Amino acid sequence: MNKLCKLPAIAALCLIAFACNETTNQVPLAYESYTLDNGLKVVLHQDHSDPIVALTIQYHVGSGREKPGKTGFAHFFEHMLFQRSEDLPRNAFFQNIAAMGGTFNGSTNTDGTNYYETVPRDALEKILWMESDRMGFFINTVTQGGLEREIDIVSNEKRQNYDTQPYGQTSIIIAKELYPAGHPYSWTTIGEIADLRAASVDDVKAFYGTYYVPGNATMVLAGDFDPEQAKELIQKYFGEIKKGADVPKPTRRPVVLEQSKYVMWEDEFAKLPDLTVVFPGVEQYHQDANALSAMASLIAGSKQSPLYKIIVEEKKLAPSVNGMSMTREVAGQVMFSVRAFEGINLNDVNTAINEAFERFEKEGVDEQELQRLKVMQEVNFYNRIAGIQGKASLMARDNEFGGSPIASINEMMNFQEVTAEQIMDVYNRYIKGKASLALSTVPKGSNNLAINDSRLAVVSTEKVDEIKSKSQAGKLVDDDYRRTPSAIDRSVEPAYLANKPEVTVPTVWNFQAANGMEVYGVGHHELPVIQANISIRGGAGLDPADKRGIAYLNARLMNEGTALKTADEWEMAMGLLGARITVSSDLEETNIAISTLSKNFPQVMALVEEALLQPRFDEEALQRVKMQTKALIRQASANPTMIARSTRDMLLYGADGTFALPEYGTATSIDLITMNDIKTFHAANLSPSIATLSIAGDIEQADVEQILSSLSTGWKAKEVVIPAPIQGIPAKGATIYFVDNPGVTQSMIYVSKRGMPLSDARYYPSVIANYRLGSGSQGILFDIIRLQRGYTYGAYSIFDPGLHYNDFSAYSSVQGSTTKESVEIFKDLIENYGARYDEAMLQTTKNSMTKAMASSFETIGALVNMLDNIATYGLPFDYVKQNETTLNTITVEQLKSVISDTMNPADMVYVVVGDAKTQLAPLSALGLGNPVLIRR
């Protein structure tokens with residue numbers, strides 16, 4: 001065994017404050033590790049700050065283990081292991097975790113697959129039982145029907161996230177073009193649909209038997225548990241699983257390009273030209289990895305970087321730039337990407353990228369910028385371990401791939417030692433004059449914008465009228481299977497442990513600053529960090545009708561420096577303090593989000609004061625931000641989800657309503673806005689009289705009061721009148737509104753009506769009522785549309801409770817050929833939900849939602865969100881406890897009344913974004929009248 005308590009070497013580094021709590025000198029990632037006889041590596045990390053536990057199992061198998069012609073298997077297996085095992089009926093994993101009040105998921109990449117869940121601490125034995133069952137007692141339950149159903153679901157995921165998304169093919173093309181045929185990274189994790197559709201049960205069993213063995217995995221248990229009890233339970237459930245054959249570790253396979261490659265793709269969903277330039281890099285933990293990461297950030301990662309300066313500011317070719325070094329297990333790549341403005345020729349962008357390289361080579365490394373990167377690495381690490389699940393997943397991956405649960409801390413130490421000389425050295429060896437892959441992605445019909453002499457990429461796509469489901473619709477009927485012998489009776493689900501958690505609401509303190517701003521706070525001292533949010537009411541609701549976007553542009557400009565600091569200097573000042581200050585504006589408020597190391601909070605609030613009281617109002621920055629905003633509007637017009645939501649808002653609030661347009665307005669309204677408009681808005685509407693501050697973290701009330709004294713004095717209150725929102729003429733309910741998106745293979749469905757604010761007495765009862773309909777994977781929508789029919793990757797419903805901008809929406813992206821059937825299911829479930837709601841559904845809801853409250857305040861971000869709710873909606877400090885009382889006492893009849901009121905189908909509009917040629921006509925048979933066709 002190896003028990004780690006302290007890391008004095010790290011504590012000696014002043015920049016690595018995260019490694020050691022100043023009061024106790026204890027490492028936040030202290031752990032105990034050991035290995036079972038079957039090879040399963042176990043790591044235990046105790047954290048008693050919240051009454052929850054998190055479990056992560058990291059398997060050392062990703063898409064890189066697949067073979068050509070059988071791609072997508074690792075990701076497919078991630079799905080299959082949620083279906084059932086010998087002692088868990090089909091889809092029980094979804095239902096059981098929800099019943100425990102937990103959260104769960106899995107993920108797959110090129111190198112690994114993990115499964116993770118967070119549950120109240122008394123459910124520890126239950127999740128160990130479940131995870132061990134799918135590790136050692138799964139494969140006999142695989143059937144042809146189950147295989148085909150999951151193939152349909154994964155196919156829908158690919159269509160939704162790759163095939164019908166703008167630039168969705170980029171990663172697929174890069175994988176094929178950068179890596180030679182047969183290389184583990186020459187295909188993406190999602191794989192090819194044709195490969196999946198050809199998969200057999202024997203293929204699945206062979207893959208599972210090879211890689212899903214204890215010796216090829218690390219399990220991390222983190223949270224509030226008794227370590228001796230945990231060890232006994234781990235041995236009980238995992239100890240008897242057979243070891244299996246040893247799995248050899250992959251060997252490094254770096255890529256060498258003999259000459260540069262120029263490839264292009266005409267993307268029918270993209271509206272803007274995009275250029276990605278990729279160089280071969282290094283694998284994870286390579287001695288050059290940290291220097292390459294720093295180099296990519298220095299070239300493209302800030303407003304001071306040469307790529308940003310040349311492309312965004314000087315040549316005005318694009319709204320932003322990106323650069324990163326991606327290190328994976330056997331190879332890596334360094335990428336620079338630019339999504340240009342409409343009509344920009346990518347030859348010009350490519351020339352500008354090369355100019356940026358030359359400038360970087362000439363000017364070298366800015367030591368202050370390098371220091372900023374090192375400080376922000378510390379902050380980023382804190383963010384990764386802010387929650388129990390984050391710790392568990394990080395430690396599991398570190399142990400399995402880095403050989404230690406704290407490999408990330410070791411890498412952090414190494415990053416702190418990177419020098420300017422090392423950075424220039426890797427630039428010379430990996431970038432300067434080296435061959436690269438340049439991928440031009442251009443809108444359909446605009447191949448003239450691609451880099452000269454680029455050849456057309458080969459991409460496998462589907463046509464909407466050719467798509468058919470692999471599986472038979474309906475609930476699966478499972479075959480019998482041979483049971484695996486066990487020393488314990490695994491068919492009996494274990495009981496909850498005796499340590500049932502109680503919901504404890506954190507102590508909230510509150511005071512009014514001298515300028516009238518209300519301040520709400522909670523102390524949380526596990527990590528030396530603070531998060532805060534200043535919310536200023538009004539947002540786009542304060543915009544003149546013909547100039548929608550003023551509040552949005554004002555917020556964007558507040559991120560572009562102050563009267564005392566250029567944008568570069570502003571970014572540097574934040575970075576050296578380990579801080580982020582982000583100003584944004586939506587339909588109802590302007591927000592200033594703040595995150596920082598607690599020791600630097602006074603200096604960070606001085607920056608916030610500077611941004612509020614001494615704005616820069618730079619005309620050149622305004623023109624750039626306006627161009628960026630119009631590029632955003634242009635690209636949103638191709639996103640199916642954005643199209644559906646904007647159509648929904650127009651229908652619910654009326655074309656002339658305040659909320660019919662997004663906060664950034666239209667290209668026309670943006671063009672009408674002047675700098676004087678923004679100055680007038682800023683001076684008149686950003687007032688502490690309509691502002692609140694929510695703060696949580698390593699700080700107490702007295703410190704906040706003292707630190708805010710300057711802002712309280714300097715930021716003067718003024719009267720601001722927020723006009724009541726205009727409600728236009730809403731569209732007719734119980735009607736389908738079809739937005740034509742020609743040729744798309746998926747249909748986006750939204751079924752929506754007006755909602756209510758969080759402060760409305762009906763809101764929380766409506767949340768309770770919605771739980772079984774569609775609040776997660778335990779919902780009826782998910783169960784029927786995904787699990788029983790295989791039409792979608794997911795289907796959900798939610799009440800979004802803004803002050804005035806609020807709605808109920810049920811939604812899903814479905815296989816295009818199932819559009820009619822999917823809309824029919826939404827209609828049936830919503831119309832009959834009240835009649836079907838019964839006592840069993842209510843008890844399931846009460847049990848699950850009550851248990852879920854145990855993790856309500858696990859992270860600092862969750863605490864800030866709670867405080868924002870209190871501040872914005874005037875809720876009592878213990879509103880969470882009051883919700884618990886409502887949950888425990890509400891009856892079926894009361895919920896039936898709530899459903900009738902807040903989910904009335906007669907008020908709902910049905911928005912479908914899909915291919916009208918193939919999907920529109922059949923919708924007339926659903927009893928919702930003739931669909932209204934909306935052309936874009």
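Rules used throughout
Residues numbered from 1 in each chain as written. Predicted model: local features only at pLDDT ≥ 70, side-chain atom pairs only at ≥ 80, totals over all residues. Heavy atoms only, no water. Helix = DSSP H or I, 4+ residues; strand = E, 2+ residues; numbered from the N terminus. Rg over C-alpha atoms; globule rule 2.2 N^0.38 Å. Buried < 20%, exposed > 50% of the residue type's maximum accessible area, 1.4 Å probe, protein only. Areas by Shrake-Rupley, 256 points an atom, 1.4 Å probe, with all protein chains shown as cover. Lys, Arg positive; Asp, Glu negative; His and termini not counted. Charge placed at Lys NZ, Arg CZ, Asp CG, Glu CD. Axes fitted to C-alpha atoms, helices over the stretch in contact; angles between N-to-C directions. Parallel < 35°, antiparallel > 145°, perpendicular 65-115°, else oblique. Left-handed = near helix turned anticlockwise from the far one by under 90°. Contact = heavy atoms within 4.5 Å. Nonpolar A, V, L, I, M, F, W, Y, C, P; charged D, E, K, R; others polar. Pairing = 2+ DSSP bridges. Arc of directions from axis to C-beta. Phe/Tyr/Trp six-rings, centres within 6.5 Å; stacked < 30°, edge-to-face > 60°. Lys NZ or Arg CZ within 6 Å of the ring centre and 35° of its normal. Polar contact = N/O pair within 3.5 Å; in protein donor to acceptor, adjacent residues only side chain to side chain. Expected span 1.5 Å × (residues − 1). Salt bridge = Lys/Arg side-chain N within 4 Å of Asp/Glu carboxyl O. pLDDT = per-residue confidence, 0-100.

## With respect to the overall build of the protein chain
No. 1: Scanning the protein chain for helices and strands turns up 34 helices and 25 strands.
No. 2: Taken over C-alpha atoms, the radius of gyration comes to 28 Å for the protein chain, in line with the 30 Å a tight globule of 936 residues would show.
No. 3: Overall, the protein chain is about 75 × 65 × 60 Å in size when its C-alpha atoms are taken along their principal axes.
No. 4: The buried share of the protein chain, reckoned over its 936 residues, is 61%.
No. 5: Of the accessible surface of the protein chain, which amounts to about 35300 Å², a share of 50% is contributed by carbon and sulfur atoms.
No. 6: When the 86 positive and 112 negative side-chain charges of the protein chain are each reduced to one mean point, those points stand 4 Å apart.

## Some thoughts on the packing of helix 26 (residues 763-774) against helix 32 (residues 879-889)
No. 1: The contact between helix 26 and helix 32 brings their axes to 10 Å, and the two run at 55°. With respect to each other, helix 26 and helix 32 are oriented oblique. The crossing of helix 26 and helix 32 is right-handed. Together, Tyr764, Pro765 and Ile768 of helix 26 and Asn883, Thr886 and Leu887 of helix 32 make up the contact between the two elements.
No. 2: Its residues assigned to classes, the contact of helix 26 with helix 32 comprises four nonpolar, two polar and no charged.

## Quick word on the sheet that holds strand 24 (residues 909-914)
No. 1: The mixed open sheet is built from six strands, whose spatial order is 22-23-21-24-20-25. Two strands close off the open sheet at either side, each with one partner strand: strand 22 (792-801) and strand 25 (932-934). Within this sheet the neighbouring strands show an average axis-to-axis angle of 20°, counted without direction.

## Regarding helix 32
No. 1: Three or more residues of helix 32 are buried, namely Tyr879, Val880, Asn883, Glu884 and Leu887. Looking down the long axis of helix 32, one finds its buried residues gathered within 150° of arc, a one-sided arrangement.
No. 2: At its buried positions, helix 32 is contacted by helix 26, helix 30 (839-852) and helix 31 (860-873).

## A look at the sheet that holds strand 12 (residues 437-443)
Strands belonging to one sheet form pairs held by backbone hydrogen bonds; the direction of such a pair is parallel or antiparallel.
No. 1: With respect to topology, six strands assemble into an open sheet ordered 10-11-9-12-8-13, the strand pairing being mixed. One side of each edge strand has no neighbouring strand; the edge strands of this open sheet are strand 10 (322-327) and strand 13 (455-456).
No. 2: Pairing of strand 8 (residues 261-267) with strand 12 involves seven bridges; the strand directions are parallel. Bridge pairing in strand 12 links Val263 to Leu439.

## Quick word on the packing of aromatic side chains
No. 1: Inspection of every chain in the model, using the stated rule, returns 32 aromatic pairs.
No. 2: Residues Tyr520 and Phe877 carry aromatic rings whose centres are separated by 6.1 Å and whose planes lie at 85° to one another, so their mutual orientation is edge-to-face. Separated by 357 residues along the polypeptide, Tyr520 in strand 15 (residues 518-523) and Phe877 in the loop between helix 31 and helix 32 bring together distant segments of the chain.
No. 3: On the basis of an interplanar angle of 85° and a centroid distance of 5.6 Å, the ring pair of Tyr833 and Tyr837 is categorised as edge-to-face. For the pair formed by Tyr833 and Tyr837, the shared burial category is buried.
No. 4: Residue placement shows Arg134 over the ring face of Phe82; its charged tip is 4.6 Å from the ring centre.
No. 5: Its end group placed over the ring of Tyr496, Lys851 keeps NZ or CZ at 3.8 Å from the ring centre.

## Side note on the side chain of Lys231
No. 1: Mapped onto the fold, Lys231 is located in helix 9 (residues 227-238).
No. 2: Here the side chain of Lys231 touches Glu32 through a polar contact of 2.7 Å, side chain to side chain.

## A word on unusual backbone geometry
No. 1: Non-glycine residue Asp453 carries a positive phi angle of around 65°.
No. 2: Residue position: Asp453 is located in the loop between strand 12 and strand 13.
No. 3: Even without being a glycine, Ala734 presents a positive backbone phi close to 50°.
No. 4: Along the chain, the position of Ala734 falls in the loop between helix 25 (709-714) and strand 20 (735-740).

## Here's the deal with the side chain of Arg134
No. 1: With respect to the helices, strands and loops of the structure, Arg134 is situated in helix 4 (residues 124-136).
No. 2: At a separation of 3.0 Å, a polar atom in the side chain of Arg134 contacts the main-chain carbonyl oxygen of Leu81.
No. 3: Every residue in contact with Arg134, bar those within four places of it in the chain, is listed here: Leu81, Phe82, Ser85, Phe93, Tyr115, Glu117 and Tyr208.

## Things to note about helix 10 (residues 289-300)
No. 1: An ideal rise of 1.5 Å per residue puts 16 Å on twelve residues; helix 10 measures up with 17 Å between its terminal C-alpha atoms.
No. 2: Across the twelve residues that make up helix 10, a large majority, ten, are buried.
No. 3: Listed in full, the buried residues belonging to helix 10 are Ala289, Asn290, Ala291, Leu292, Ala294, Met295, Ala296, Leu298, Ile299 and Ala300.

## Re the pairing of strand 10
No. 1: Where strand 10 lies against strand 11 (residues 332-339), six bridges are found, and the strand directions are antiparallel. The residue of strand 11 that forms the bridge with Gly323 is Phe336.
No. 2: What sits between strand 10 and strand 11 in their antiparallel hairpin is a turn of four residues.

## What about the pattern of salt bridges?
No. 1: Enumeration according to the criterion identifies 46 salt bridges in this entry.
No. 2: For Glu177, the salt bridge goes to Lys261, with nearest N and O atoms at 3.3 Å. Taken as a pair, Glu177 in helix 6 (residues 170-178) and Lys261 in strand 8 lie far apart in primary sequence, 84 residues in all.
No. 3: For Glu177, a relative accessible area of 11% puts it in the buried group.
No. 4: We classify Lys261 as partly exposed; its relative accessible area is 24%.
No. 5: In this structure, Glu824 engages Lys820 in a salt bridge whose closest nitrogen and oxygen atoms are separated by 3.9 Å.

## Section: the confidence of the model for the protein chain
No. 1: Across the protein chain, pLDDT averages 92, with 96% of residues at or above 70.
No. 2: Counting contacts from residues 1-27, a segment whose pLDDT is below 50, to residues more than four positions away or on other chains yields 53 contacts.

## What about the environment of Leu497?
No. 1: Checked against the element boundaries, Leu497 lands in the loop between strand 13 and strand 14 (509-512).
No. 2: Placed 72 residues apart in sequence, Leu497 and Glu569 show a C-alpha to C-alpha distance of 55 Å.

## Remarks on the pairing of strand 5 (residues 103-108)
No. 1: Burial along strand 5 is one-sided: the residues Phe104, Gly106 and Thr108 are buried and none of Thr103, Asn105 and Ser107 is.
No. 2: One ladder, built from six bridges, connects strand 5 with strand 6 (residues 113-120); its direction is antiparallel. Bridged to Thr108 within strand 6 is Thr113.
No. 3: Hairpin remark: strand 5 followed by strand 6, antiparallel, with four residues in the connecting loop.

## With respect to the environment of Glu569
No. 1: By the element assignment, Glu569 lies in helix 18 (residues 567-576).
No. 2: Separated by 265 residues in the primary sequence, Glu569 and Gln304 place their C-alpha atoms 8.5 Å from one another.

## Here we look at the packing of helix 2 (residues 73-80) against helix 8 (residues 201-211)
No. 1: Direction vectors running N to C along helix 2 and helix 8 enclose 90°, while the axes themselves pass 11 Å from each other. Looking at the two axes, helix 2 sits roughly perpendicular to helix 8. Touching Phe73, Ala74, Phe76 and Phe77 of helix 2 are Asp203, Val204, Phe207 and Tyr208, all from helix 8.
No. 2: Of the residues assigned to the contact of helix 2 with helix 8, the class counts are seven nonpolar, no polar and one charged.

## Details of the environment of Phe782
No. 1: Tracing the chain through its elements places Phe782 in helix 27 (residues 780-788).
No. 2: A relative accessible area of 2% places Phe782 in the buried class.
No. 3: Along the chain, Phe782 and Thr792 lie ten residues apart, while their C-alpha atoms are 8.6 Å from each other.
No. 4: Not counting chain neighbours up to four residues away, the residues in contact with Phe782 comprise Phe94, Gly776, Ser777, Leu787, Tyr793, Gly794, Ala795 and Tyr796.

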